[in-house]
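Results of the structural survey
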2 protein chains.
Amino acid sequence: MSPRRSAIAAKATRQAVIEETVSRASLAGLESVSIGGLADGLGMSKAGVIGPFGSKEALQLAALERAIEIFLGEVWEPAADAAPGLDRLRAVTDAWLDYLGRDVLPGGCFLTQAACEFDGRPGRVKEAVERALTRWQWLLEAEAQTAVSAGELPRVDPGQVAFELGAIAQGVNQARQLRGDELAVQRGRRAVLRALYLD
Amino acid sequence: MSPRRSAIAAKATRQAVIEETVSRASLAGLESVSIGGLADGLGMSKAGVIGPFGSKEALQLAALERAIEIFLGEVWEPAADAAPGLDRLRAVTDAWLDYLGRDVLPGGCFLTQAACEFDGRPGRVKEAVERALTRWQWLLEAEAQTAVSAGELPRVDPGQVAFELGAIAQGVNQARQLRGDELAVQRGRRAVLRALYLD
DNA sequence: CCTACCGATCGGTAGG
DNA sequence: CCTACCGATCGGTAGG
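These remarks concern the structure in this document. The structure presented is a predicted model; accordingly, all values stated were derived computationally and were not measured.

**Structural notes on the protein's contact with DNA strand D**
Within the structure, DNA strand D sits among 15 residues, and Thr13 and Ser45 of chain A together with Ser34, Ile35 and Lys56 of chain B are positioned closest to it. Close to the protein, within 4 Å, the atoms of DNA strand D belong to sugar or phosphate groups at a rate of 58%. Here a phosphate oxygen of DNA strand D and a side-chain polar atom of Ser45 of chain A are 2.5 Å apart. In the environment of DNA strand D, a base nitrogen lies 3.0 Å from a nitrogen or oxygen atom belonging to the side chain of Lys46 of chain B. Among the secondary structure elements, those contributing two or more residues to the surface near DNA strand D are helix H3 (46-50) of chain A together with helix H3 (46-50) of chain B. Considering every element that reaches the surface near DNA strand D, the biggest residue donor is H3 of chain B, with 3 residues. Partitioning the surface near DNA strand D into residue classes produces 6 nonpolar, 7 polar and 2 charged.

Next up, the structure:
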């Protein structure tokens, strides 16, 4: 008589599987997260883990969606209220470097990891990663365009600014994750100042 | 009575396995290259593939070593004869961006791929990747230091210059491999000019 | 460098 | 969401 409770429980289970997948994937990559490993870690059966998704690819897509949500929550939302243009670009890059420095996920930025892992594999996951990073690039580009139009940046190609900011984030992530480089965020901040013509 | 011929043949086999591994790993990652897959691709048995190495980890280390050799041959050697300092830094970055634009390996830069893949996994492969990239960073840093001392660069932190150049290379590699962005090398060249204070 | 084989694990499903 | 199971593939080895 109460389908509610089980529907809520099912949703909570699904969410727990997704969170565990996102966390593990940031360390070892989405492809290396096995259904059996998740089942062990969550104290569930393999069927219980994969059932709500139907296939590993569907779970990967759900995990990617969640990772994008986390990224936007950490990097975009704190900056969304700033004035469009250079102010917001500074707010976004501040939040971005904070995010990279805090190790929100144990293995660093999920999206960078996923981009690396899937760039050479065809399929729906690769397409979804590509879409997410392309949209993020567009967002940065639009912000840079606004800044140029307002005279807050020199008359540069906004795509160039967006490219440089993305590159800096990758550089920071690699230096931190691979070498445990504690200076990386600091160097990232300096590089951002140059990319935004603020030094 | 002729151990030579078989020793030479054994070496050639070993080399063929390594080349195939490097090529496949640039696309899908070192961990995803399976011994069975290599055996199929090379028309050999699994035992024939893994025998010369003893373990998958040993094969991965050999492939990494070969990838470093390729990278240095493509990026450092063409620049090695330039005058130390800014000239050589320009020669290196020119060769580096050429290398990224030519898709020397089918999946782009092996070292960037390996750094991403292993940064969250402990072990000898991770340590070897870390060592290789740290040494490369040192080399760039030393070159930048020479340029600063010669007054060819402003009095900046040479480590900052090396960081920015590495970040640019990662940005170019991701844009090309994930999005097939044909503008990436061009944007990389512009970013290098800024990183070297040449614009 | 081959055939033949090992135990472990993979993603996924049937049936409850 | 569980148990019990499927065929395929994993890294690796014995023996030649």
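Back to the write-up after that little detour.
**Section: the protein's contact with DNA strand C**
Lining the immediate surroundings of DNA strand C are 15 residues, of which Ser34, Ile35 and Lys56 of chain A together with Thr13 and Ser45 of chain B lie closest. Between DNA strand C and the protein, one listed contact pairs a phosphate oxygen with a side-chain N or O atom of Ser34 of chain A at 2.8 Å. Contacts to DNA strand C include Lys46 of chain A, whose side-chain N or O atom sits 3.0 Å from a base nitrogen. Contributing elements (two or more residues each) for the surface near DNA strand C: H3 of chain A together with H3 of chain B.

**A short note on unusual backbone geometry**
Residue Tyr197 of chain A is not a glycine yet carries a positive backbone phi of 55°. Its relative accessible area of 30% is what places Tyr197 of chain A among the partly exposed residues. Despite not being glycine, Asp103 of chain B shows a phi value in the positive range, around 50°. Its place among the elements puts Asp103 of chain B in the loop between helix H5 (86-102) and helix H6 (110-118). Exposure remark for Asp103 of chain B: the relative accessible area of 33% places this residue in the partly exposed category.

**Re helix H6 (residues 110-118) of chain A**
In terms of residue burial, H6 of chain A counts as a mostly covered element, since 9 of its 9 residues are buried. Looking at H6 of chain A, one finds that the buried residues are Phe110, Leu111, Thr112, Gln113, Ala114, Ala115, Cys116, Glu117 and Phe118 of chain A.

**Quick look at the packing of helix H8 (residues 158-179) of chain A against helix H9 (residues 184-195) of chain B**
Where H8 of chain A contacts H9 of chain B, the axes come no closer than 10 Å and their chain directions differ by 80°. With respect to their mutual orientation, H8 of chain A and H9 of chain B come out roughly perpendicular. Here H8 of chain A contributes Gly159, Gln160, Phe163 and Glu164 of chain A to the contact with H9 of chain B, which in turn contributes Ala184, Arg187, Gly188, Arg190, Ala191 and Arg194 of chain B. Grouping the amino acids of the contact of H8 of chain A with H9 of chain B by side-chain chemistry returns 3 nonpolar, 3 polar and 4 charged.

**Points about the nonpolar core**
Trp96, Phe110 and Leu165 of chain B are the most contacted members of the largest nonpolar core, which has 62 residues in total. Sorting elements by how many residues they give to this core places helix H4 (residues 56-76) of chain B first, with 10 residues.

**Some thoughts on the side chain of Glu164 of chain B**
Structurally, Glu164 of chain B is set in helix H8 (residues 158-179). Among the residues examined, Glu164 of chain B registers a relative accessible area of 11% and is labelled buried. Setting aside its immediate chain neighbours within four residues, Glu164 of chain B contacts Ala191 and Arg194 of chain A together with Ala195 of chain B.

Cut-offs and rules
Residues numbered from 1 in each chain as written. Chains lettered and ligands numbered in written order. Predicted model: local features only at pLDDT ≥ 70, side-chain atom pairs only at ≥ 80, totals over all residues. Heavy atoms only, no water. Near = heavy atom within 4 Å. Polar contact = N/O pair within 3.5 Å; in protein donor to acceptor, adjacent residues only side chain to side chain. Helix = DSSP H or I, 4+ residues; strand = E, 2+ residues; numbered from the N terminus. Nonpolar A, V, L, I, M, F, W, Y, C, P; charged D, E, K, R; others polar. Buried < 20%, exposed > 50% of the residue type's maximum accessible area, 1.4 Å probe, protein only. Axes fitted to C-alpha atoms, helices over the stretch in contact; angles between N-to-C directions. Parallel < 35°, antiparallel > 145°, perpendicular 65-115°, else oblique. Contact = heavy atoms within 4.5 Å. Core = buried A, V, L, I, M, F, W, Y, C linked by side-chain atoms within 4.5 Å.

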